[in-house]
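Listed below are the residues making up each chain.
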Amino acid sequence: MLSRQTHDSRLVQATSRLRSTVAQVVMEKPCILATTLGAPGGIYKCFEPCIEKHFTIIPYERFVQRKEDFADKIQAVFVWGPKAINVDQNLLESLPKLKAVVNGGVGVDHLDIPLINSFGVKVTNTPGIVDNATADIGMSLMLASARKIVEGHNFSKFRESDYFPESSLGTDVSGSTLGIIGMGRIGYKIAKRAQGFEMKILYYNRNRRPESEERAVGATYCASLKELLQRSDFVMVVVNLSPETHKLIGAKEFAMMKPNSTLINISRGLVVDQDALVDALQKKMIRAAALDVTYPEPLPRDHPLLSFPNVIVLPHVGTHTVETSQIMVERMVTNALAAITGGQLPDEIKA
Ligand SMILES: O=C(O)C(=O)CO
């Protein structure tokens, strides 16, 4: 029989061996820097197992505290859309082994791709995966605004009398005209859905879609933004943010819209001039607005846009479903693995 002392000392040795093996295994996996995935929204927590199969996750907050321990181990930065930390010169200089900046979502306007590429680092996104969820949020916002869903809910919850006010009357979606600005993959999915609501569909896009595609969703091309704005009851903004689309919808454009029209923005906040939107709402130049995106995000709680009963503001949740986010994370992992192992990147974006 072992003495108690020998037994204890062997136990200590075995535990320490186990710890160092575990540490070694953990460290053998490539490290990724997780920016915003670990934000209070908890997204990162939901998808940890999928990432941890292949990588050791270094949350940004831990990295900042112990840069010297992690800097030369990190091979990919995970960025969850525009709410991410800035992948700037400083960060890039501090990560000598970095192979890829892996973005969850399709828009990459928050990334300086030429700068990142100049460090020999690749950039990827997750195209295609986000289309249905983002189109759904556009439809949800249009329906919720038209039928005053948020106001109805607030009435049920906070009412001071039992009489639903006259101002609670909404507006019809079925049979009305939807103008889609930006007819890429998401715009097209919106047109498909709107067809089911028997809407007249107009679109404005850099390139006209082939006639067969227009026919398939019953969409009519507008040669000018002005024509679309003048004819639409609902204007849905779906373009990418670029120098050409920065504040594309401003005072001049609001003046072209129908007084009973609704602006829906599911692209990027900066495509709409928010001061001009506040002004248009104050002057009743449009009926309402429904926004998934703003600048900044989230909007400060005392922002004038939050004071209008006819404005709905979401905290940029276009892709926030369990299913879509799961597939996005899986795709981010695939892209990161490809970049680290020198394989073919499924979704590389070049400057
Ligand atoms: O995919 C993106 O870029 C989004 O922002 C979805 O809302």
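Residues numbered from 1 in each chain as written. Predicted model: local features only at pLDDT ≥ 70, side-chain atom pairs only at ≥ 80, totals over all residues. Heavy atoms only, no water.

- As recorded in an unreviewed UniProt entry, the chain goes by Glyoxylate reductase/hydroxypyruvate reductase and comes from Cirrhinus molitorella.
- Entered under Sequence similarities (unreviewed entry) in the UniProt record, the comment concerning the chain runs "Belongs to the D-isomer specific 2-hydroxyacid dehydrogenase family." (UniProt positions renumbered as here; feature names shortened; annotations may be inferred.)

**Details of helix α14 (residues 322-341)**
Thought 1: Taking 1.5 Å of rise per residue, 20 residues should cover 28 Å, and α14 covers 29 Å from first to last C-alpha, within 8% of that figure.
Thought 2: Of all the positions in α14, only T324, S325, M328, V329, M332, V333, N335, A336, A338, A339 and I340 are classed as buried.
Thought 3: Phi turns positive, to about 75 degrees, at G342, one or two residues after α14. (Helix = DSSP H or I, 4+ residues; strand = E, 2+ residues; numbered from the N terminus. Expected span 1.5 Å × (residues − 1). Buried < 20%, exposed > 50% of the residue type's maximum accessible area, 1.4 Å probe, protein only.)

**Focus: the sheet that holds strand β8 (residues 219-221)**
Hydrogen bonds between backbone groups are what pair the strands of a sheet, and the pairing can be parallel or antiparallel.
Thought 1: Spatially, seven strands are ordered β8-β7-β6-β9-β10-β11-β12 in an open sheet, and the strand pairing comes out parallel. Only two strands of the sheet have a single neighbouring strand rather than two, namely β8 and β12 (311-313). Adjacent strand axes in the sheet meet at a mean angle of 20 degrees, parallel and antiparallel pairs treated alike.
Thought 2: Across three bridges, the pairing between strand β11 (residues 288-291) and β12 is parallel. Across the sheet, L291 pairs through a bridge with V313, a residue of β12.
Thought 3: Of the strands in this sheet, β10 (262-265), β11 and β12 touch helix α13 (residues 274-282), which is tilted by about 145 degrees from β11. (Pairing = 2+ DSSP bridges. Axes fitted to C-alpha atoms, helices over the stretch in contact; angles between N-to-C directions. Contact = heavy atoms within 4.5 Å.)

**Structural notes on the sheet that holds strand β1 (residues 31-35)**
Thought 1: Read from one edge to the other, the open sheet built from six strands follows the order β2-β1-β3-β4-β5-β13, with strand pairing classed as mixed. Strands at the two margins of the open sheet, each flanked by one partner only, are β2 (56-59) and β13 (348-349).
Thought 2: Bridge analysis of strand β4 (residues 100-103) against strand β5 (residues 122-124) gives three bridges, and the strand direction is parallel. The residue of β5 that forms the bridge with A100 is K122.
Thought 3: Those strands touched by α14 are β3 (74-79), β4 and β5, and its axis lies near 155 degrees from that of β3.

**What to know about the nonpolar core**
Thought 1: Ranked by internal contacts, the top residues of the largest apolar core, which has 51 residues, are F78, L178, I180, I190 and I266.
Thought 2: At eight residues, the largest contribution of residues to this core is made by α14.
Thought 3: The next biggest cluster of nonpolar side chains, apart from the first, holds 28 residues, and it includes C222, L225, V278 and L299. (Core = buried A, V, L, I, M, F, W, Y, C linked by side-chain atoms within 4.5 Å.)

**Description of the domain arrangement of the chain**
Thought 1: According to the domain assignment, the chain contains domain 1 (4-127 + 321-349) and domain 2 (131-313).
Thought 2: At the interface, seven residues of domain 1 touch five residues of domain 2.
Thought 3: Counting the surface lost from both domain 1 and domain 2, the interface buries some 580 Å², and carbon and sulfur atoms represent 56% of this.
Thought 4: Connecting domain 1 to domain 2 are one salt bridge. (Domains from an automatic or database assignment. Buried area = accessible area lost by both parts, 1.4 Å probe. Salt bridge = Lys/Arg side-chain N within 4 Å of Asp/Glu carboxyl O.)

**Remarks on the site of the ligand**
Thought 1: The ligand sits among G105, V106, G107, V130, R268, H316, G318 and T319.
Thought 2: A distance of 2.8 Å separates an oxygen atom of the ligand from a polar atom in the backbone of G107.
Thought 3: Protein contact buries 93% of the 230 Å² of open area that the ligand shows by itself. (Near = heavy atom within 4 Å. Polar contact = N/O pair within 3.5 Å; in protein donor to acceptor, adjacent residues only side chain to side chain. Areas by Shrake-Rupley, 256 points an atom, 1.4 Å probe, with all protein chains shown as cover.)

**Overview of the packing of helix α7 (residues 131-146) against helix α9 (residues 185-196)**
Thought 1: Axis separation between α7 and α9 bottoms out at 9 Å; the angle between their running directions is 55 degrees. Here α7 lies oblique to α9, going by the angle between them. At the point where α7 passes α9, the crossing takes the right-handed sense. Between α7 and α9, the residues in contact are D131, N132, T134, A135, D136 and M139 and R185, I186, K189, I190, R193 and A194, respectively.
Thought 2: Classifying every residue of the contact of α7 with α9 by side-chain character gives five nonpolar, two polar and five charged. (Parallel < 35°, antiparallel > 145°, perpendicular 65-115°, else oblique. Left-handed = near helix turned anticlockwise from the far one by under 90°. Nonpolar A, V, L, I, M, F, W, Y, C, P; charged D, E, K, R; others polar.)

**With respect to unusual backbone geometry**
Thought 1: With an omega of -5 degrees, the peptide bond running from Y295 to P296 counts as cis.
Thought 2: Mapped onto the elements of the fold, P296 is located in the loop between β11 and β12.
Thought 3: The residue after E297, namely P298, is reached through a cis peptide bond having omega -10 degrees.
Thought 4: Looking at the secondary structure, you find P298 in the loop between β11 and β12.
Thought 5: Here H316, not a glycine, exhibits a phi torsion of approximately 55 degrees, which is positive.

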